[in-house]
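What the coordinates show
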Amino acid sequence: MAEIISMPQLSDTMKEGTVIKWNKKIGDKVSEGDILAEIETDKATQDFEIDVSGVLLFIGVQEGETARVNDVLAIIGKEGENISHIISELQSSKKQEQKKQEIFISPIAKKMAKKIGIPIEKIKGSGDNGRIIKKDIEFYEKSNLNPIQEIKNEKSVKIVHSSIRKKIAEHLTYSKFSAPHYYLFSEINADNLIKFRKNLNNKLSSEEKISFNDIIIKAVAQSLKKHPDMNVSWNDENIIMHSKIHIGVAVAIKDGLIVPVINNADQKSLLEISKEIKEKASRSKSKKIQPEEIENSTFTVSNLGMYGIESFTSIINTPNTSILSIGSIIIRPIVKNYKIEIGNIMKITLSCDHRIIDGAKGSEYIYSLKNFLEDPITILF
């Protein structure tokens with residue numbers, strides 16, 4: 001008896017998945033525990049392991065295609081089994097579903113959309129029963145949401161959004177417009193930070209070298225221990241005071257940004273933090289990070305110093321209520337003991353959610369963090 005394999009829900013927020021690679025082709029034998037395909041979710045690319053054995057008789061989603069959770073992914077059965085009736089039923093069901101999802105649009109709006117090149121399935125109609133009318137097309141065009149435009153008689157390239165990119169866009173848009181952001185800027189004298197890192201790395205092997213980011217993560221965690229009212233989340237009913245300090249570390253990947261989490265960062269040594277960041281960053285870039293490894297952060301750090309960025313602001317990674325932006329260390333004249341000397345300065349920016357973190361509270365946190373980074377030996381105690 002053939003068995004239908006549905007698109008699995010590989011994360012708690014996954015609504016659809018994209019097949020990146022099939023590891024089997026039609027006619028291949030498959031066994032329980034085999035990795036049938038690699039599927040990109042809204043969080044990562046994961047191996048899909050099947051729990052049945054048989055022969056792969058049908059593939060419902062081709063490589064590069066996207067399907068909703070529970071849509072037909074594949075059919076597995078006995079060699080030579082006739083599944084034409086199953087495929088026919090699936091196609092009939094799909095046609096019925098498409099009929100229910102028919103888009104209602106006025107003739108003039110349809111003509112305008114076709115002329116301009118606007119995908120009508122992306123437009124929310126304001127007419128009766130959701131019907132798309134002329135003003136909806138005009139509003140969409142003015143909003144510059146049309147992905148294909150004629151520029152000097154050349155068509156721009158249309159790139160289909162990945163599941164991860166769509167989730168990033170949705171998450172950051174929600175955060176920016178739901179959390180009232182404000183920003184606190186500060187400068188860190190990095191002279192002692194540089195010496196501290198150099199002394200540490202002189203005692204470590206080449207594989208164990210500590211980065212500035214590792215030290216910053218530890219300092220951030222230690223500062224949160226001193227200011228537990230910064231280690232919080234907001235929802236409409238209450239304020240959540242987190243008992244654990246889990247630091248999210250922003251990592252650039254091909255499709256955008258992912259934030260692996262260092263759990264209990266305040267309880268870990270610099271070496272443990274360094275190894276974990278390297279390992280999780282590597283798996284993030286190869287899309288092998290697991291969903292549970294990018295969840296439940298209580299505070300986020302984004303470091304663009306390695307790109308030569310002097311300072312910047314970041315969008316809060318909700319449900320966090322703060323994110324720390326780290327710039328590069330730059331050499332410049334500074335005042336020490338009423339004298340001008342050459343020193344190393346690192347600029348930081350703390351983005352805060354004003355619903356829960358007031359300016360004074362954020363400033364007190366920055367003051368503690370500054371003390372840790374300017375005297376980094378103290379983060380070890």
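Keep in mind that this is a model prediction, so the values were computed, not measured. (Residues numbered from 1 in each chain as written. Predicted model: local features only at pLDDT ≥ 70, side-chain atom pairs only at ≥ 80, totals over all residues. Heavy atoms only, no water.)

Observations regarding the overall build of the protein
Cut-off, in case you're wondering: A run of DSSP states H or I qualifies as a helix once it reaches four residues; a run of E qualifies as a strand once it reaches two. Both are numbered from the N-terminal end. The cut-offs for exposure are 20% and 50% of the maximum accessible area for each residue type, with area from a 1.4 Å probe on protein chains only; residues under the lower value are buried, those over the upper are exposed, and the others partly exposed. The contact definition used throughout considers only heavy atoms, calling two residues in contact when any of these lie within 4.5 Å. Here the open area of atoms and residues is found with the Shrake-Rupley method and a 1.4 Å probe, where only the protein chains shown may cover a residue. Positive: Lys, Arg. Negative: Asp, Glu. His and the chain ends are not part of the count. Charge coordinates come from a single atom per side chain, which is NZ of Lys, CZ of Arg, CG of Asp or CD of Glu.
Along its length, the protein carries eight helices and 20 strands. Projected onto its principal axes, the C-alpha coordinates of the protein cover approximately 85 × 55 × 50 Å. Taken across its 381 residues, the protein has 43% of its residues classed as buried. Considering only intrachain contacts with a sequence separation of at least 6, the fraction spanning at least 24 residues in the protein is 62%. Carbon and sulfur atoms form 52% of the exposed surface of the protein, whose accessible area is close to 21,800 Å². Here the protein carries 54 positive and 51 negative side-chain charges, and the mean point of each set is 5 Å from the other.

A closer look at the environment of Phe104
Mapped onto the fold, Phe104 is located in the loop between α1 (84-100) and α2 (107-116). The spatial distance from the C-alpha of Phe104 to the C-alpha of Ile132 is 6.2 Å, given a sequence separation of 28 residues. Contacts of Phe104, omitting those with residues within four sequence positions, involve Gly130, Arg131 and Ile132.

A word on the environment of Leu184
As for its placement among the helices and strands, Leu184 is situated in strand β11 (residues 181-189). Leu184 gets classed as buried once you look at its relative accessible area, which sits at 18%. Each C-alpha atom, one on Leu184 and one on Ile50, is 50 Å from the other, the two residues being 134 residues apart in sequence. Among all residues touching Leu184, those that are not within four sequence positions of it are Ile348, Thr349, Leu350, Cys352, Gly359, Gly362 and Ser363.

Notes on empty space enclosed by the protein
This is how it is decided: A cavity, in this analysis, means grid points on a 1 Å lattice covering only the protein atoms where a 1.4 Å probe fits yet has no way out; a pocket is instead an open set bounded by protein on both sides within 12 Å along at least five of seven lines, and a residue lines either one if it has an atom within 4 Å of a point. Grid points are joined across faces, edges and corners, and a volume is the space filled by probe spheres set on the points.
Overall, the coordinates contain one cavity of 30 Å³ or more when judged by the stated rule. There is about 30 Å³ of room inside the largest cavity. What lines the largest cavity is simply Val249, Val251, Pro260, Ile262, Glu276, Ile277, Lys280 and Ala281. At four residues, helix α7 (residues 270-285) tops the list of elements feeding residues into the lining of the largest cavity.

Focus on a negative patch on the surface
Test applied: Surface patches are drawn from residues lacking salt bridges whose relative accessible area is over 30%; two like charges belong together within 9 Å, two nonpolar side chains (Val, Leu, Ile, Met, Phe, Trp, Tyr) within 5 Å. We define a salt bridge as a contact between a side-chain nitrogen of Lys or Arg and a carboxyl oxygen of Asp or Glu at a distance within 4 Å.
A surface patch of negative charge is lined by Glu3, Glu32, Glu49 and Asp51. Here Asp51 shows up in the loop between β5 (45-49) and β6 (54-59).

Points about the sheet that holds strand β1 (residues 3-6)
Counted only if it meets this: Only when DSSP finds a minimum of two bridges between them are two strands counted as paired.
Taken in spatial order, the four strands line up as β1-β8-β6-β3 in an open sheet, and their pairing is antiparallel. In this open sheet, the two edge strands, each paired with only one partner strand, are β1 and β3 (29-30). When β1 meets strand β8 (residues 72-77), the two strands line up antiparallel, connected through four bridges. By the bridge assignment for β8, Ile5 is matched with Ala74.

Let's talk about the sheet that holds strand β19 (residues 322-336)
Here is the rule: Convention adopted: a line fitted to C-alpha atoms gives each axis, helices being fitted over their contacting stretch, and angles between N-to-C directions are expressed from 0 to 180 degrees.
Taken in spatial order, the six strands of this open sheet run β11-β20-β19-β18-β14-β17, and their pairing is mixed. A strand with exactly one partner marks an edge of an open sheet, and here the two such strands are β11 and β17 (261-262). The sheet contacts of helix α6 (residues 212-226) involve β14 (247-249), β18 (299-303), β19 and β20 (339-353), and relative to β18 the element is tilted by about 155 degrees.

Observations regarding the environment of Lys176
When you line up the elements, Lys176 lands in helix α4 (residues 163-178). A C-alpha to C-alpha distance of 15 Å links Lys176 and Ser233, two positions 57 residues apart in sequence. Lys176 has contacts with His181, Tyr183 and Ile315, leaving out every residue within four places of it along the chain.

Comments concerning the pairing of β20
Burial analysis of β20 places eleven of its 15 residues in the buried class, the great majority of the element. Note: β11 against β20, nine bridges, orientation antiparallel. Counted as the bridge partner of Tyr182 is Cys352 from β20. The turn joining β19 and β20, which pair antiparallel and follow one another in sequence, is formed by two residues; a positive phi near 50 degrees is taken by Asn337.

Quick look at the pairing of β19
As paired strands, β18 and β19 are joined by four bridges and run parallel to one another. Each residue of the ladder has a partner; that of Ser302, found in β19, is Ser325. Strand direction decides the pairing type here: β19 and β20, joined by 13 bridges, are antiparallel. Each bridged residue has a counterpart across the sheet, and for Ile334 the counterpart in β20 is Glu341.

So, the nonpolar core
How we decide: Throughout this description, the term nonpolar core refers to a set of buried Ala, Val, Leu, Ile, Met, Phe, Trp, Tyr and Cys residues connected via side-chain atoms within 4.5 Å.
Counting residues in each nonpolar core, the largest one holds 40 residues, and the members touching the most others are Val220, Ile247, Phe299, Val301, Leu324, Met346 and Leu350. Ignoring anything within four residues of it in the chain, the contact list for Val220 reads Ile247, Phe299, Val301, Leu324, Tyr365 and Leu369. Ranked by size, the runner-up nonpolar core spans 20 residues in total, among them Leu36, Ile59, Leu73 and Ile76.

Looking at the packing of aromatic side chains
The test is simple: Any Phe, Tyr or Trp ring, taking Trp's six-membered ring, that has another such ring centre within 6.5 Å forms a pair; planes under 30 degrees apart are called stacked, those over 60 apart edge-to-face, and the others tilted.
Inspection of every chain in the model, using the stated rule, returns one aromatic pair. Ring geometry for Phe299 against Tyr365: centres 5.6 Å apart, planes inclined by 45 degrees, an arrangement best described as tilted. In this pair, Phe299 sits in strand β18 while Tyr365 sits in helix α8 (residues 359-374), placing the two residues 66 residues apart along the sequence. For the pair formed by Phe299 and Tyr365, the shared burial category is buried.

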